[in-house]
Structures are given as structure tokens and as C-alpha cells.
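Observations on the model geometry
For reference, the chains in residue letters:
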Amino acid sequence: MPTHCHKCRHTINRERARADGRYEKRLAAERQRTKERQVALAKPCPYCAEPILNPARKQCGKPECTKQAKAERMRDYMRTYRATDGGGCRRREQEYAKAYREANGHWRKRYPEAAALSDARRRALIEAALKAERFAPRDVYERDKWTCGLCRRPVDPGSAWPHPMSASVDHILPLSQGGSHTLANVQCAHLTCNCSKGDQTIEEINEVESIIAAIADAG
């Protein structure tokens, strides 16, 4: 006849294993096997080349590597979004903008004083730049092989301003931040990409995307 129920028997066995050291030995052996398995399956981090011991991770876990991974994931998400539903959304925005311009006319025609003031501010920024060069926008487009420097997609030479996908000259370091109006500081860009970038730099945009990715990851 058994002297203990199965629950009490398991409890007694665990206590005996702890008392004679079998539990610690087995636990140490399991941990050693886990370490050996992690070393055997380790892969280098794509950002710092350090070994990744956890096979479920895509980067080593350092703060700088985590930040780069989140930014890359956000960029991949935006590329997929633009290629799928984002394309339809962009197309609807373009159709709406075209219909609005046809119905109301361009803002420069509706507000000539504001357009003149905007042109004056633009000329003042160019004149106040550290160094200015004279060049034609087409020189920039042909130098960059009609490729947008912001989204890396081709620019259609047949699209004329103010089409959103027409070519425009983007200042890499904005004039408002002290950039120069030189060939070294300009690049070809879609008009819509240029307007979305505004007076920010690529580094500032990437930092914002990293913050958005961190918020999305936390949520």
C-alpha cells in the first residue's frame, strides 16, 4: 500500500533531490547544454557583427542596434504600404489635388501677393547662402539620372510641374538651416517627396521614423 498520495510523493522527491544535490547538478547540466546550443546556433548581428545567442532575435539587443532595426522595420513597412494600399491612397490624393486645382486654380494665381512674398523669401535665402552657383535644374536631374534622392524611385521626365511626381530640386541641407545653393548640396527629387521633406534633413526624418517605430513597438 502506498504511504503517500502522488502530490506528496512528488513533493518529497523534489525535496530529496535538492537535499542530495541532484537538482543543482541537473540544472547546471541543462544550462550548460543551453549555452552550447546557443553558441552552435549563434549568428552575427547584421548591425555590429556581435554573435546573437538567442535564435529568436534578429539583432543582438544593444540600444544602437535596436534603434537601427526599428528604423529599418519602419522603412520596410512604409515601402510595403506605398506599394499596396499606400499607392491607392497616393493616387486618390493626386486625383483630388488635380480636381481641386482645376476647380479653383493654382494658389499662385489666387494669391499673387503671397506668391510674390514666397518668391522673395526664397531669393533671399539663396542670396544669403554660404556659396551660390548658377546651374539649371535639368543639370541636376541628368546628373542624378532622373532618380529621386529621397525615395530612390525613378522620376518621369515627361511629368511637368505641378504634377506631384514631377522633378524638382531638393536641397540636402535646407537653405533655412544654412545649406548652400550648390550642386554638391542639391539632388533630384519628386515634387511630392520634396514637399513632404520640407525644411528637414534626412537624419531628422530618420530620427522621427525611429521614434514612430519605437512607439508602435511599445504599443
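Reading the values: rules and limits
Counting starts from 1 at the beginning of each chain's written sequence and moves along it residue by residue. Local features in a predicted model are, by the rule used here, given only for residues with pLDDT of at least 70; side-chain atom pairs are given and counted only at 80 or more, and totals for whole chains, interfaces and linings are based on all residues. Hydrogens and waters are ignored; side-chain quantities use all the structure's heavy atoms. Classification of ring pairs uses Phe, Tyr and Trp, with its six-membered ring standing for Trp, and accepts pairs whose centres are within 6.5 Å; under 30 degrees between planes counts as stacked, over 60 as edge-to-face, and the remaining range as tilted. Think of it in three bands: with a 1.4 Å probe and only protein chains considered, a residue is buried below 20% of the maximum accessible area for its type, exposed above 50%, and partly exposed in between. Numbering goes from the N terminus for both helices and strands, where a helix is a DSSP run of H or I of at least four residues and a strand is a run of E of at least two. Just to be clear on terms, a salt bridge is a Lys or Arg side-chain nitrogen sitting within 4 Å of an Asp or Glu carboxyl oxygen. Throughout, the protein atoms alone are placed on a 1 Å grid, and a set of points is a cavity if a 1.4 Å probe fits but cannot get out or a pocket if it is open with protein on both sides within 12 Å along at least five of seven lines; lining residues have an atom within 4 Å of a point. Grid points are joined across faces, edges and corners, and a volume is the space filled by probe spheres set on the points. Gly counts as polar in this scheme, as do all residues outside two lists: the nonpolar Ala, Val, Leu, Ile, Met, Phe, Trp, Tyr, Cys and Pro, and the charged Asp, Glu, Lys and Arg. Joining through side-chain atoms within 4.5 Å is the link that ties buried Ala, Val, Leu, Ile, Met, Phe, Trp, Tyr and Cys residues into a set, and such a set is a nonpolar core. Contact criterion: two residues are considered in contact whenever any of their non-hydrogen atoms come within 4.5 Å of each other. Expected span of a helix: the number of residues minus one, times 1.5 Å. At least two DSSP bridges between two strands are needed for those strands to be called paired.

**Some thoughts on the packing of aromatic side chains**
Under the defined criterion, the tally for this structure stands at two aromatic pairs. Look at Y141 and W146: their rings are 5.2 Å apart centre to centre, the planes differ by 45 degrees, and that puts the pair in the tilted class. Residue Y141 is classed as buried on the basis of its relative accessible area, which comes to 11%. For W146, a relative accessible area of 16% corresponds to the buried category.

**A short note on unusual backbone geometry**
At A49, a residue that is not glycine, the phi angle is positive and equals roughly 70 degrees. For A49, the position within the fold is in the loop between strand 1 (43-44) and strand 2 (51-52). Look at W146: it is not a glycine, yet its phi comes out positive at around 55 degrees. Position of W146 among the secondary structure elements: in the loop between helix 7 (137-143) and strand 3 (167-171).

**What to know about the pattern of salt bridges**
Opposite charge on two side chains makes pairing possible when the charged atoms of those side chains draw close. Taken as a whole, this structure holds seven salt bridges when the rule is applied. A salt bridge links D76 to R79, with the nearest nitrogen and oxygen atoms 2.8 Å apart. Pair noted here: D76 and R79 are both in helix 3 (residues 63-83), with a separation of three residues, about one helical turn. For R79, a relative accessible area of 49% corresponds to the partly exposed category. In this structure, D170 and K197 form a salt bridge, with 3.2 Å as the shortest nitrogen-oxygen distance. Here the residue D170 occupies a position in strand 3, and K197 occupies one in helix 8 (residues 191-197), the gap between them amounting to 27 residues. Assessed through its relative accessible area of 3%, K197 is described here as buried.

**Topic: the layout of surface pockets**
Here the second largest pocket defines a volume of roughly 240 Å³. What lines the second largest pocket is a set of 12 residues, and nearest its centre among them are K58, Q59, A69, K70 and R73. Here the element with the most residues in the lining of the second largest pocket is helix 3; it accounts for six residues. A class-by-class count of the residues in the lining of the second largest pocket yields three nonpolar, two polar and seven charged.

**A look at the pairing of strand 3**
The element strand 3 is largely enclosed, with a buried count of five among its five residues. Burial along strand 3 is two-sided: the face carrying A167, V169 and H171 and the face carrying S168 and D170 are both buried.

**Focus: the nonpolar core**
Ranked by size, the top nonpolar core spans 12 residues in total: F135, V140, Y141, W146, C148, V155, A167, V169, V186, C188, A189 and C193. Only helix 7, strand 3 and strand 4 (186-190) provide two or more residues apiece to this core. With three residues, strand 4 is the single largest residue contributor to this core. Leaving out residues up to four positions away in the same chain, C148 has contacts with R153, V155, C188, A189, H190 and C193.

**Quick notes on helix 3**
For helix 3, which comprises 21 residues, the first-to-last C-alpha distance of 30 Å matches the rise-based estimate of 30 Å (1.5 Å per residue) to within 8%. Here helix 3 has its buried residues at C65, T66, A69, A71 and M74.

**Some points on the environment of P162**
Checked against the element boundaries, P162 lands in the loop between helix 7 and strand 3. Setting aside chain neighbours within four positions, we find P162 in contact with R101, H106 and L191.

**A closer look at the environment of K58**
Take K58: it is sitting in the loop between strand 2 and helix 3. Ignoring anything within four residues of it in the chain, the contact list for K58 reads P46 and I52.

**Considerations on the pairing of strand 4**
The element strand 4 is extensively covered by neighbouring structure, given that five of its five residues are classed as buried. The two faces of strand 4 match: V186, C188 and H190 on one face and Q187 and A189 on the other face are all buried. Strand direction decides the pairing type here: strand 3 and strand 4, joined by five bridges, are antiparallel. Within strand 4, the residue paired with A167 across the bridge is H190.

Purely geometric stuff here, so don't read any function into it on its own.
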